[in-house]
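# Structural overview
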Amino acid sequence: MSEAVKTLSMAQAVEPKAVEPTPVENVPEFYIPATESIGEAWPRILKHNDTFAMFDHHGDIVNAEGNPAGLFHRDTRHLSGFYILIDDHRPLLLSSTVQDDNAALTADLANPDIYRGTELVLSRETLHLIRTKFLFKNACHERISVQNFDLKEHSSQMLVRFDADFADLFEARGIKRERHGVRTVTKEDGSTILFRYLGLDGVTRLTRVRFDPAPTRLDNHQALYDVTLAPQERKSAFITVTFGRELPQSVPNFGPAMRAARRNLRVQASQAAAVSSSNEMLNQMLCRSVSDLSMLVTQTPQGPYPYAGIPWFSTAFGRDGIITALETLWLDPGIAKGVLQFLAATQAREVDARSDAEPGKILHETRHGEMANTGEVPFGLYYGSVDATPLFVLLAGKYFERTGDLETVSTIWPNIEAALEWIATYGDRDKDGFVEYQRQSETGLGNQGWKDSNDSIMHADGSLAQGPIALCEVQGYVYSAKLAAAKIARAMGRDGAEKLEAEAENLRLAFEDKFWCDDLGAYALALDGQKRPCAVIASNTGHALFSGIASPERAKRVADVLMRRDAFSGWGVRTLACNQKRYNPMSYHDGSVWPHDNAMIALGFARYRLREPAMEIFTGMFDAVHYMELQRLPELFCGFARRHGTAPTLYPVACSPQAWASAAPFAFLEACLGLTCDYAAGEIRFENPTLPEFITSLCIRRLKLGDSEVDVELHRHEGNVAVNVLRRSGNARVVVWN
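Predicted, not measured: the structure shown is a model, and the values here were computed from it.

Bringing the overall build of the protein into the picture now. Scanning the protein from terminus to terminus reveals 18 helices and 33 strands. Relative to the globule expectation of 27 Å for 738 residues, the C-alpha radius of gyration of the protein, 27 Å, shows essentially globular dimensions. In terms of overall dimensions, the protein has C-alpha extents of about 80 × 60 × 50 Å along its principal axes. A buried classification covers 60% of the 738 residues belonging to the protein. Counting contacts in the protein only where the partners sit at least 6 residues apart, residues at least 24 apart contribute 66% of the total. Counting only carbon and sulfur atoms, one obtains 48% of the accessible surface of the protein, whose full area is about 28,400 Å². Taking the average location of the 77 positive side-chain charges in the protein and that of its 93 negative ones, the two points are 3 Å from each other.

Below, the structure is given as structure tokens:
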């Protein structure tokens, strides 16, 4: 190996260094810079519990500075560089994919033409390399197999280059830090390197890289293998990277660990009902959604919790977890149970202005990295979300209706009461009946609904609304939450149900009076601090249908507005209609299309028996997924109008997978089928079921209701849908309403 390669930097060895973001004044705090698109390279993503990794198609980590490439554990990057070279050259990429169950990444590579001076010493595609990588229990396992397909023996050198910078995730998002802790690197033996980092938070974080067999030569950042292969001979090297605050005493070998990882994913996926259809593309979409949800769900002490998304949001977010649970409630109510129990355990107990915490408030997000621990970012336990609290109560009610699990809702009843108290006090400081938000410190989020960009709440003239701000959808969530709490209170034999129902009705009347904009045919996006309506056409108005706060007559008008060409792009409903002042189809919240947003709107349409527009949204999203790699719906995509023969335009820094986007297809099915599971009545209902044209038949297996389980098939014929029960155990009834 040449001396040049021995000292080669990671950036020099593979490709030019990524462009450094230029410091810009007046950039909103916690803004995610985009100097290049995440989707540009379609990164390969793996996750297990609190660990995720982003590799390129080769299975490499290169040029990680200033972007989320690497292996992260609990918001710290434990592997910032990892790539292989064959005779000083990067291998050629043949193909690369994440397996259908998300268990492993497989990359097929080959050697390029290798010259020594002007002599061709190894023709391209003589050596075949297969890299298989997966995550399991604080370890990243990799097998690199090399096979010689020539008729003669070949000797080559394989260099493995690696590094661990221990960057905080917020550094990867673009935040610059003036100080860091102390990093050391030691060679433990001829096959093992240990990276150690003592952070400014006093926490030691470790990364160990171990090779089997031991390489020919090993130093702090690279391992060299001399590889001699006879014709058709194959050899393999195994690399295990372990990480965390403590390292495991022993780690299973590649094969047993792979089997355990697959078994873990199968168990998680088996908790849900299984859905298949006559459309193979839809089957791939649903399979990918189930696999992504299984991967994103993390086991917490309180139960399973779907982490929001990779790379930026691989942690527990209150709003995201609740909405994901709502979208999948009919499919797997166990997710909702885990979400409720986790959020009850992390509910705020006291006032803390820096974290926007107030007694009874439900968590917005939690972080575990060095910058959260030192207070450089306020998100250790952060509560700057106005909607998570009513959504928590709403989910509790819907979970109880779905499962009849009185034990769980009784256990969290004090948390429900505390959430209702927050709604009545801190949530409504001016006592006008509406819940408003305004951050308590300058370090918190300025906007605290699901559209939390700094420019997402505006008036018709484009001016930004000033707080306190009462969002349209939040009032609907509060309305539905109070009705849900009333049902739980009655089931528990507690007083107060009538009072909650009266409060909900008063809120509904006030909402209709203050939020309805007759000239728009929709509800206002929000009321500003002076109680002036933000009279713009935004997707938020559709959430009023999801919650049921809208009157039936106005619900139909809202649906008509949202399905017009200015609001519906052809792929989905835009966050902001294209005839509004601040419309920008490439923005995060001012004209883009979000799958989960569309799922909530479709469920709202279904609530008012507006099946046709619900099917139109589902069809647009299904058509869009044809163009998405792995048939995976991303967090969002751009809101440009659909044009014949073109794909939807991707958003540069969208998370993919994202939990509530992965769950959206199941919400679309629920909306089209009019599917409800009523434990008290012992009924699985299909109310006026419909199927879009791309589905002829649909089969749902292992659909549970209490101790009962059914398999049903739905078949579309001339606009009608027949429902057949294929199997049933228990006493649950399948009921079809038309």
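There is more to say, and it comes next.
What follows covers the pairing of strand E9 (residues 119–122). Where a strand is regular, its side chains alternate between the two sheet faces. The sheet contact formed by strand E8 (residues 114–116) and E9 spans three bridges and is antiparallel. In the sheet register, Ile-114 faces E9, and the bridge partner there is Leu-122. Here E8 folds back onto E9 in antiparallel fashion, the turn holding two residues, of which Gly-117 has a positive phi close to 70 degrees.

As enumerated under the stated definition, the model contains 49 salt bridges in all. In this structure, Arg-205 and Asp-201 form a salt bridge, with 3.0 Å as the shortest nitrogen-oxygen distance. For the pair Arg-205 and Asp-201, a shared accessibility class is recorded, and that class is buried. Taking the shortest distance from any N to any O, the salt bridge between Arg-532 and Asp-528 comes out at 2.9 Å. With a relative accessible area of 2%, Asp-528 lands in the buried category. Linked by salt bridges that have partners in common, Asp-56, Asp-60, Arg-90, Arg-131, Lys-133 and Glu-142 make up one network.

Another point: the nonpolar core. Judged by nonpolar contacts, the single largest core of 164 residues is most densely connected at Phe-392, Ile-416, Phe-605 and Leu-714. Here this core takes eleven residues from helix H18 (residues 659–673), the largest share from any one element. Here Ile-416 is in contact with Phe-392, Val-393, Ala-396, Val-409, Ala-485 and Ile-488, once residues within four sequence places are set aside. With 42 residues, the next largest nonpolar core counts Leu-46, Cys-140, Ile-144 and Tyr-225 among its residues.

For helix H16 (residues 595–607), built from 13 residues, the straight-helix expectation of 18 Å at 1.5 Å per residue is met to within 8% by its first-to-last C-alpha distance of 18 Å. The element H16 is largely enclosed, with a buried count of twelve among its 13 residues. The complete set of buried residues in H16 reads Pro-595, His-596, Asp-597, Asn-598, Ala-599, Met-600, Ile-601, Ala-602, Leu-603, Gly-604, Phe-605 and Ala-606. Looking at the buried residues of H16, the elements they touch are helix H6 (318–327), helix H12 (472–492), helix H14 (540–547), helix H15 (552–562), helix H17 (611–625) and H18. Of the residues one or two after H16, Arg-609 is the one with positive phi, at around 60 degrees.

Across the sheet, four strands lie side by side as E19-E30-E31-E32; this open sheet has antiparallel pairing. Of all the strands in the sheet, just strand E19 (274–277) and strand E32 (720–729) have a single pairing partner and so form its edges. Between one strand axis and the next, the sheet turns through 15 degrees on average, direction left out of account. Summarising the sheet, strand E30 (residues 697–705) and strand E31 (residues 708–717) pair through seven bridges and their orientation is antiparallel. Paired with Leu-705 across the two strands is Ser-708, which belongs to E31.

Our focus in this paragraph is the packing of aromatic side chains. In the structure shown here, the tally under the stated rule is 23 aromatic pairs. For the ring pair Phe-170 and Phe-379, a centre distance of 5.7 Å and an interplane angle of 20 degrees mean the geometry is stacked. Of the two residues, Phe-170 sits in helix H3 (residues 169–172) while Phe-379 sits in the loop between helix H8 (370–374) and strand E23 (381–382), which places them 209 residues apart along the sequence. For Phe-379, a relative accessible area of 2% gives the class buried. With a centroid separation of 6.4 Å and 80 degrees between ring planes, the pair formed by Trp-594 and Trp-660 is classed as edge-to-face. Pair noted here: Trp-594 is in the loop between H15 and H16 and Trp-660 is in helix H18, with a separation of 66 residues, a long-range link. Taken together, the ring pairs in this structure connect Phe-434, Phe-511, Phe-515, Trp-516 and Tyr-523 into an aromatic cluster. One Lys or Arg, Arg-642, reaches over the ring of Trp-571 and ends 4.2 Å from the middle of that ring.

A low pLDDT score tells you not to read the predicted coordinates there in detail. In this model, the protein carries an average pLDDT of 92, and 94% of its residues clear a pLDDT of 70 or more. The low-confidence segment residues 1–27 (pLDDT under 50) makes 43 contacts with residues lying over four places distant or belonging to another chain. Ignoring residues within four places in sequence, the model shows residues 31–40, a span with pLDDT below 50, making 24 contacts including any to other chains.

With 21 residues, H12 extends 31 Å between its outermost C-alpha atoms, agreeing within 8% with the 30 Å of an ideal straight helix rising 1.5 Å per residue. Counting buried positions along H12 gives 16 out of 21 residues, so the element sits mostly inside the fold. With its phi angle positive at about 75 degrees, Gly-493 sits one or two positions after the end of H12.

To continue, consider the pairing of strand E13 (residues 182–189). As judged from the seven bridges shared by E13 and strand E14 (residues 192–198), these two strands associate in the antiparallel manner. If you follow Lys-187 over to E14, its bridge partner there is Ile-193. Counting the residues in the hairpin turn of E13 and E14 gives two residues.

With that settled, consider unusual backbone geometry. Look at the link from Gly-467 to Pro-468: it is a cis peptide, with omega at -5 degrees. Along the chain, the position of Pro-468 falls in the loop between helix H11 (413–424) and strand E24 (470–471). Even without being glycine, Asp-88 reaches a positive phi, approximately 75 degrees. Note that Asp-88 resides in the loop between strand E5 (81–86) and strand E6 (92–98). Asp-88 gets classed as partly exposed once you look at its relative accessible area, which sits at 34%. Phi at Gln-232 takes a positive value of approximately 70 degrees, unusual for a residue other than glycine. Relative to the helices and strands, Gln-232 resides in the loop between strand E17 (222–229) and strand E18 (234–244).

It is worth spelling out the packing of H16 against H18 at this point. Relative orientation of the contacting elements H16 and H18 amounts to 20 degrees, with a least axis distance of 8 Å. Viewed along their axes, H16 and H18 adopt a mutual orientation that is roughly parallel. Where H16 crosses over H18, the handedness of that crossing is left-handed. Taking contact as the criterion, the partners of Pro-595, His-596, Asn-598, Ala-599, Ala-602, Leu-603 and Ala-606 in H16 are, on H18, Trp-660, Ala-661, Ala-664, Ala-667, Phe-668, Glu-670 and Ala-671. Grouping the amino acids of the contact of H16 with H18 by side-chain chemistry returns eleven nonpolar, two polar and one charged.

The rules behind these values
- Residues numbered from 1 in each chain as written.
- Predicted model: local features only at pLDDT ≥ 70, side-chain atom pairs only at ≥ 80, totals over all residues.
- Heavy atoms only, no water.
- Helix = DSSP H or I, 4+ residues; strand = E, 2+ residues; numbered from the N terminus.
- Rg over C-alpha atoms; globule rule 2.2 N^0.38 Å.
- Buried < 20%, exposed > 50% of the residue type's maximum accessible area, 1.4 Å probe, protein only.
- Contact = heavy atoms within 4.5 Å.
- Areas by Shrake-Rupley, 256 points an atom, 1.4 Å probe, with all protein chains shown as cover.
- Lys, Arg positive; Asp, Glu negative; His and termini not counted.
- Charge placed at Lys NZ, Arg CZ, Asp CG, Glu CD.
- Pairing = 2+ DSSP bridges.
- Salt bridge = Lys/Arg side-chain N within 4 Å of Asp/Glu carboxyl O.
- Core = buried A, V, L, I, M, F, W, Y, C linked by side-chain atoms within 4.5 Å.
- Expected span 1.5 Å × (residues − 1).
- Axes fitted to C-alpha atoms, helices over the stretch in contact; angles between N-to-C directions.
- Phe/Tyr/Trp six-rings, centres within 6.5 Å; stacked < 30°, edge-to-face > 60°.
- Lys NZ or Arg CZ within 6 Å of the ring centre and 35° of its normal.
- pLDDT = per-residue confidence, 0-100.
- Parallel < 35°, antiparallel > 145°, perpendicular 65-115°, else oblique.
- Left-handed = near helix turned anticlockwise from the far one by under 90°.
- Nonpolar A, V, L, I, M, F, W, Y, C, P; charged D, E, K, R; others polar.

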